[in-house]
Amino acid sequence: MRKIYNELRSHEGKLSEFANYLVEKKVYNSSHSALQALRQNVKPMPIVNELYAEWRPGRLKTKDMKTYVEKTQEVFKEIKQRTLKQELQSIVDVMEEALKELTLGIKNMDKERLLQAKELLSNGLYGGN
């Protein structure tokens, strides 16, 4: 009885719901006496245990760990994909900027722009600033 009481107490409203169920099944005369019996009885009552086993499935929500793990894995996959996409997009932006600098440097024969393009490419490839 103590185990049933503690389990029902952890779920909001389920203790009184089960007490009402015991009254429906005519084990107790009132829900108050059913609640008191659940709270104070130490020795197990077979009829209460049977009724609890019959009543319990689908009444108490327990955390389904398998579903929880699958959902979190999906979230992390999505984060990784999003992060990878952003990283690739930034690499493309750096490459475009370096190509622009390289083209302008070659066109104007400007060594400063060529060095700038080289620096952009090395930063893009090797992860500089």
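Structure: see above.
Report follows, based on the coordinates. (Residues numbered from 1 in each chain as written. Predicted model: local features only at pLDDT ≥ 70, side-chain atom pairs only at ≥ 80, totals over all residues. Heavy atoms only, no water.)

1. A short note on the overall build of the chain
How we decide: Secondary structure is summarised from DSSP: a helix means a run of H or I of at least four residues, a strand means a run of E of at least two, and numbering begins at the N terminus for each. Computation of the radius of gyration draws on C-alpha atoms, with the globule rule given as 2.2 Å multiplied by the number of residues to the power 0.38. The classification of residues rests on relative accessible area computed with a 1.4 Å probe and restricted to protein chains. Under 20% of the type maximum is buried, over 50% is exposed, and intermediate values are partly exposed.
The number of helices and strands found in the chain is six helices and zero strands. When the helices and strands of the chain are placed in sequence order, the string is α-α-α-α-α-α. What you see for the chain is a C-alpha radius of gyration of 34 Å, clearly larger than the 14 Å of a compact globule of 129 residues, by over 25%. Its C-alpha atoms put the chain at 100 × 20 × 20 Å along the principal axes. With 129 residues in all, the chain has 19% of them scored as buried.

2. Some remarks on the packing of helix α2 (residues 14–24) against helix α4 (residues 46–55)
Helix-helix packing is characterised by the crossing angle of the two axes and by the distance between the axes. Filter applied, for reference: Geometry is summarised by axes, namely lines fitted to C-alpha atoms with helices restricted to the contacting stretch, and by angles between N-to-C directions that run from 0 to 180 degrees. The handedness criterion is simple: a crossing whose near helix is rotated anticlockwise from the far helix by less than a right angle is left-handed, and one whose near helix is rotated clockwise is right-handed. Working rule for contacts: check all heavy atoms of both residues, and any pair within 4.5 Å makes them a contact. Only Asp, Glu, Lys and Arg are considered charged in this grouping, and only Ala, Val, Leu, Ile, Met, Phe, Trp, Tyr, Cys and Pro are considered nonpolar; every other residue, Gly among them, is considered polar.
At a minimum axis separation of 11 Å, α2 and α4 run at an interaxial angle of 115°. You can see that α2 and α4 cross each other, and the crossing is right-handed. Along its contact with α2, which presents K14, E17, F18, Y21 and L22, the element α4 presents V48, L51, Y52, E54 and W55. Residues of the contact of α2 with α4, tallied by class, amount to seven nonpolar, no polar and three charged.

3. Some remarks on α4
For clarity, the cut-off: Comment: arc refers to directions from the helix axis out to C-beta atoms.
Taken together, the buried positions of α4 are occupied by V48, L51, Y52 and W55. Down the axis of α4, the buried side of the element spans an arc of 100°, and every buried residue falls inside it. For α4, the exposed residues set more than 90 degrees away from the buried face come down to P46, E50, A53 and E54. Residues of α4 that are buried make contact with α1 (2–9), α2 and α3 (31–40).

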